Amino acid sequence: MPTTTRTFAEKKRRAEKIAIVTAYDALTAAMVHAAGVDAILVGDSAAMVFAGHETTLPATMEQMLYHTSSVARGARGAFVIADMPFLSFQCGLDDAVRNAGRFLKEAGAHAVKIEGCDGALVQRLVAAGIPVMGHVGLTPQSVHAFGGFRAQGKTPETAARVHQQALALDAAGCFAIVLECLPTDLAERITQSVRAATIGIGAGVPCDGQVSVINDLLGLSTGYLPKHAKRYARFYDEGLGAVRQYIDEVRAGAFPGVEHSIEAAGEAGAPPARVNP
Ligand code: KIV
């Protein structure tokens, strides 16, 4: 059954966990869709893990549209959520609605994700037929306001504030809310008090589902792995080994072999355009 916004509510009701990963390109999207994820988030984390920036702030609307349409093409039938980049929704309701609509109209997304708590904007988007995933806790677009990538809601006052934000997003009509880097007991209280499905990243097991950055999951990164992330494979190390072997073989004259070489027509017939190992 393809995922829709209703799937999130149904899974929450049945206490079935929701598994989401990020993707930024068609091939990765095809892979995670074939693996059976419930939804794909085209996160503005693309600015960091794809484009090499220190924060998500440089992501632009045009870049996010490009990533989102690539993902939607690569994973036909998947539920695709597009992350609205910094300053695409903070400068007025009309621009925000127009920008959000572009993800559905031009890029093939089914929903948008918005960081922070703007109930009026969520209501406008939902009224316009644009499903919204909220995002509270460590919202990376506020990294400078937070003084770094820091867990949120660790004191009673900040926990109460984050909880209020989640309640407001729920009341405004979000179908799901990302809880990022929050204490587990706070995530549990939020999960129990909202209708929306809570999707945790660094917020413990009580959430209704989890989202992971695909590069962390695949080990496709060079350095720091966040405490909340789990590496299930070592794609970077595998790739490094493969490219080193290729370099060695080129330098030793061992690649290309005859099987990768083109014969003159008449000797061995027309060569195939492409030979896979
Ligand atoms: O940009 C992103 O990938 C995200 C997830 C980490 C929730 O916002």
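Here the structure is shown first, and the text comes after it.
Residues numbered from 1 in each chain as written. Predicted model: local features only at pLDDT ≥ 70, side-chain atom pairs only at ≥ 80, totals over all residues. Heavy atoms only, no water.

### Observations regarding the pattern of salt bridges
Part 1: Applying the stated criterion across every chain yields a total of 10 salt bridges.
Part 2: Salt bridges sharing common partners tie together Glu62, Arg102 and Glu106. (Salt bridge = Lys/Arg side-chain N within 4 Å of Asp/Glu carboxyl O.)

### Notes on the side chain of Asp170
Part 1: Of note, Asp170 is situated in helix α8 (residues 156–172).
Part 2: For Asp170, which is buried and forms no salt bridge, the nearest opposite charge comes from Arg195, at a distance of 4.0 Å.
Part 3: Other than its neighbours up to four places away in sequence, Asp170 contacts Ile177, Ser193, Val194, Arg195 and Ala196. (Helix = DSSP H or I, 4+ residues; strand = E, 2+ residues; numbered from the N terminus. Buried < 20%, exposed > 50% of the residue type's maximum accessible area, 1.4 Å probe, protein only. Lys, Arg positive; Asp, Glu negative; His and termini not counted. Contact = heavy atoms within 4.5 Å.)

### Comments concerning the sheet that holds strand β6 (residues 176–180)
Part 1: Here we have 8 strands rolled up into a closed barrel, ordered β1-β2-β3-β4-β5-β6-β7-β8, and parallel in their pairing. In this sheet, neighbouring strand axes are inclined to one another by 25° on average, regardless of whether the strands run parallel or antiparallel.
Part 2: Helix α5 (residues 93–105) rests against β3 (80–83) and β4 (111–113) of the sheet, and its axis sits at about 135° to β4. (Pairing = 2+ DSSP bridges. Axes fitted to C-alpha atoms, helices over the stretch in contact; angles between N-to-C directions.)

### Brief notes about α8
An α-helix turns once per 3.6 residues; consequently, residues spaced three or four apart project the same way.
Part 1: The terminal C-alpha atoms of α8 lie 24 Å apart, and with 17 residues this matches the ideal 24 Å at 1.5 Å per residue to within 8%.
Part 2: Within α8, burial applies to Ala159, Val162, His163, Ala166, Leu169, Asp170 and Ala172.
Part 3: Those residues of α8 hidden inside the fold are in contact with α6 (119–127), β5 (132–137), β6 and α9 (184–193). (Expected span 1.5 Å × (residues − 1).)

### What about the packing of aromatic side chains?
Part 1: By the definition in use, this model includes 5 aromatic pairs.
Part 2: Ring geometry for Phe8 against Phe79: centres 5.6 Å apart, planes inclined by 55°, an arrangement best described as tilted. One end of the pair, Phe8, is in helix α1 (residues 5–13); the other, Phe79, is in the loop between α4 (61–74) and β3, and 71 residues separate them in sequence.
Part 3: On the basis of relative accessible area, Phe79 is assigned to the buried category, the value being 4%.
Part 4: Members of the aromatic cluster, joined through ring pairs, are Phe8, Phe79 and Phe175. (Phe/Tyr/Trp six-rings, centres within 6.5 Å; stacked < 30°, edge-to-face > 60°.)

### Structural notes on the site of the ligand
Part 1: Every residue close to the ligand is listed here: Thr22, Leu41, Gly43, Asp44, Ser45, Asp83, Lys113, His135, Val178, Ile201 and Val211.
Part 2: With respect to the ligand, the side chain of Ser45 contributes an N or O atom lying 2.5 Å from an oxygen atom.
Part 3: Within the side chain of Lys113, a nitrogen or oxygen atom sits 3.1 Å from an oxygen atom of the ligand.
Part 4: Within the complex, 95% of the 260 Å² of free accessible area of the ligand lies under protein.
Part 5: The class makeup of the residues in the shell around the ligand is 4 nonpolar, 4 polar and 3 charged. (Near = heavy atom within 4 Å. Polar contact = N/O pair within 3.5 Å; in protein donor to acceptor, adjacent residues only side chain to side chain. Areas by Shrake-Rupley, 256 points an atom, 1.4 Å probe, with all protein chains shown as cover. Nonpolar A, V, L, I, M, F, W, Y, C, P; charged D, E, K, R; others polar.)

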